[in-house]
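# What the coordinates show
Okay, here's what each chain looks like letter by letter:
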Amino acid sequence: GVLLTNNITLAATAQNKLTLPYVIEDVQLKLADLDINKLTATLRDLEAEASTRKKVPSRSSGIPAFDISQVILKNADITADTITVRNIRANNLVANISLDEKMLLDINKFKFNIAEGTVTGRFTNNLLTRAVTLSLNLDRANAQMMTEALFDLKGQIYGSMTGNVN
């Protein structure tokens, strides 16, 4: 289907019961284009809405607000043909995602190609405490392409970058 102008293919298995929490066992999600810029903006909007919701007892539509704390995602494999981060595009994203009952979002074993190199790593975010960890391994990426796109450093760094970020 199409969601927010993005072609997606989704297959999922959930437990056969409509009681809280909703447990999603397995997800296979394929995206044509994943725009991280739009995703982070949407997450900021959701966070602002959640903050407002705490102050306002009910929504005017009468439909209860969606509560992410009532969802457990055991395993989601996500692939994307292209990814956009700031001003740079990447290709061939592969990631595994889970969200546990303690609201720990874990994006582990992600990998994508960017700036003629490869990035692998893991990202965790505790949605309750907002604690974030990020571990990246960059292998032979074009330093000029990366620094110009991500940090607006035009013509400052050249060569190939390899290293770890924690």
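That block above? That's the structure.
We now turn to the structure provided with this report.

What counts as what
- Residues numbered from 1 in each chain as written.
- Predicted model: local features only at pLDDT ≥ 70, side-chain atom pairs only at ≥ 80, totals over all residues.
- Heavy atoms only, no water.
- Salt bridge = Lys/Arg side-chain N within 4 Å of Asp/Glu carboxyl O.
- Helix = DSSP H or I, 4+ residues; strand = E, 2+ residues; numbered from the N terminus.
- Buried < 20%, exposed > 50% of the residue type's maximum accessible area, 1.4 Å probe, protein only.
- Contact = heavy atoms within 4.5 Å.
- Phe/Tyr/Trp six-rings, centres within 6.5 Å; stacked < 30°, edge-to-face > 60°.
- Polar contact = N/O pair within 3.5 Å; in protein donor to acceptor, adjacent residues only side chain to side chain.

## Some details on the pattern of salt bridges
Scanning the model with the defined rule gives six salt bridges in all. Note that K74 is salt-bridged to E25, the shortest N-O span being 3.9 Å. Of the two residues, K74 is situated in strand β4 (residues 71-85) and E25 in strand β3 (residues 22-35); the sequence distance between them amounts to 49 residues. The partly exposed category is assigned to K74, whose relative accessible area is 47%. Residue classification places E25 among the partly exposed residues on the basis of a relative accessible area of 26%. Here R122 ties to D106 by a salt bridge, and the two come within 2.4 Å at their closest N and O atoms. Of the two residues, R122 sits in strand β7 (residues 117-126) while D106 sits in strand β6 (residues 104-114), which places them 16 residues apart along the sequence.

## Let's talk about the environment of N125
In this fold, N125 is placed in strand β7. The exposure class of N125 is buried, given its relative accessible area of 17%. With residues up to four places along the chain from it excluded, the contact list for N125 reads M103, L104, L105, R130, A131 and V132.

## Remarks on the packing of aromatic side chains
Inspection of every chain in the model, using the stated rule, returns one aromatic pair. Between F110 and F112, the aromatic rings sit 6.1 Å apart at their centres with planes inclined by 15°, giving stacked as the arrangement. Since its relative accessible area comes to 14%, F112 is described here as buried.

## Some thoughts on helix α2 (residues 143-151)
Along α2, the residues classified as buried are A143, M146, T147 and A149. Where α2 is buried, its residues meet β5 (88-99), β6, β8 (132-142) and β9 (160-165). For α2, the side-chain oxygen to backbone nitrogen distance between the N-cap and Q144 is 3.0 Å, and the N-cap itself is N142. Backbone geometry just after α2 places D152 at a positive phi near 55°.

## Comments concerning the environment of K154
Among the secondary structure elements, K154 is positioned in the loop between α2 and β9. According to the relative accessible area criterion, K154 is exposed, its value standing at 55%. On a C-alpha basis, the gap between K154 and Q144 in space is 7.6 Å, while along the polypeptide they are ten residues apart.

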